[in-house]
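A closer look at the structure
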Amino acid sequence: MTAQDINEGKGLAIVSYLAVIGIIIAYFLNNDKKNPFTSFHLRQSLGLWLLFHVLGFVASSFDNWGVTSGFYLFFCILFIYGLIGAVSGKAQSIPLLGDVFQKWFSSIGH
């Protein structure tokens, strides 16, 4: 990834972390150019959002505020980590599952 790729893709990389609609917007806007920096963060944010919804379904079955609070705190930290990486122009994988997301969603951006 070059510095030009990072500068051109930074805006869409940031948008991809904002919400599920941000992933959709960033995906379609990146579809023509296929910027590698944007594609990297698209894969990271898509994996985070999917995992958030799947584990959120499981966490909601517990009737315990400690489990729910821990769930939201864990994902807030991961989203902030990814967003800071996008803003600072770094292609760092999210801890624990970032490399797995890159493998699972490798078709995005290629």
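Residues numbered from 1 in each chain as written. Predicted model: local features only at pLDDT ≥ 70, side-chain atom pairs only at ≥ 80, totals over all residues. Heavy atoms only, no water.

**So, the confidence of the model for the chain**
Spelled out, the test is: Confidence of the predictor at the level of single residues is given by pLDDT, which spans 0 to 100. Under the scheme used here, helices are H or I runs from DSSP no shorter than 4 residues and strands are E runs no shorter than 2 residues, and both carry numbers assigned from the N terminus.
This prediction gives the chain a mean pLDDT of 90; 100% of its residues lie at or above 70. Helix 5 (residues 98–104) is the least confidently modelled element of the chain, averaging 89 in pLDDT, while helix 4 (residues 65–88) averages 93, the highest of any element.

**Looking at the side chain of glutamine 44**
Operational definition: For every residue, the accessible area (1.4 Å probe, protein chains only) is compared with the maximum for its type, and the residue is labelled buried under 20%, exposed over 50%, or partly exposed between those bounds. We call two residues contacting when some pair of their heavy atoms lies within 4.5 Å.
Within the element layout of this structure, glutamine 44 appears in helix 3 (residues 36–60). A relative accessible area of 0% places glutamine 44 in the buried class. Excluding anything up to four places from it in sequence, glutamine 44 contacts Tyr17, Gln92, Ser93, Ile94, Gly98, Phe101 and Gln102.

**Section: the packing of helix 2 (residues 20–30) against helix 3**
Convention followed: Axis geometry follows a simple rule: fit a line to the C-alpha atoms, using only the stretch in contact for helices, then measure angles between N-to-C directions, giving values from 0 to 180 degrees. Roughly parallel covers angles under 35 degrees, roughly antiparallel covers those over 145, roughly perpendicular covers 65 to 115, and oblique covers all other angles. Two helices that cross are described as forming a left-handed crossing if the nearer one is turned anticlockwise from the farther one by less than a right angle, and a right-handed crossing if clockwise. All amino acids are sorted into three groups, where Ala, Val, Leu, Ile, Met, Phe, Trp, Tyr, Cys and Pro are nonpolar, Asp, Glu, Lys and Arg are charged, and the leftover types, Gly among them, are polar.
The interhelical angle for the contact between helix 2 and helix 3, taken along N-to-C directions, is 150°, at an axis separation of 10 Å. Taken as axis vectors, helix 2 and helix 3 run roughly antiparallel relative to one another. You can see that helix 2 and helix 3 cross each other, and the crossing is left-handed. Listed contacts from helix 3 to Val20, Ile23, Ala26, Tyr27 and Asn30 of helix 2 are Thr38, Ser39, Leu42, Ser45, Leu46, Trp49 and His53. For the contact of helix 2 with helix 3, the class distribution of residues is seven nonpolar, five polar and no charged.

**Let's talk about helix 1 (residues 3–16)**
We count it as follows: What a helix is expected to span follows from its residue count: subtract one and scale by 1.5 Å. Two axes define the bend at a residue: one fitted to the seven residues ending there, one fitted to the seven starting there, and the bend is the angle between them.
A rise of 1.5 Å per residue sets the reference length of helix 1, with its 14 residues, at 20 Å; its end C-alpha atoms lie 20 Å apart and thus fit the reference within 8%. Of all bends in helix 1, the biggest is about 50°, found at glycine 9. Taken together, the buried positions of helix 1 are Asp5, Ile6, Gly9, Leu12, Ala13 and Ser16. The elements touched by buried residues of helix 1 are helix 2, helix 3 and helix 4.

**With respect to the nonpolar core**
Rules: Nonpolar cores are built from buried Ala, Val, Leu, Ile, Met, Phe, Trp, Tyr and Cys residues. Side-chain atoms within 4.5 Å join them into one set.
Grouped together as the largest cluster of nonpolar side chains are 22 residues, with contacts concentrated most on Tyr17, Leu48, Phe75 and Phe79. Elements with a minimum of two residues in this core: helix 1, helix 2, helix 3 and helix 4. The contact partners of tyrosine 17, leaving out residues within four places of it in the chain, are His41, Gln44, Ser45, Leu48, Trp49, Phe79, Gly82, Leu83, Ala86 and Ile94.

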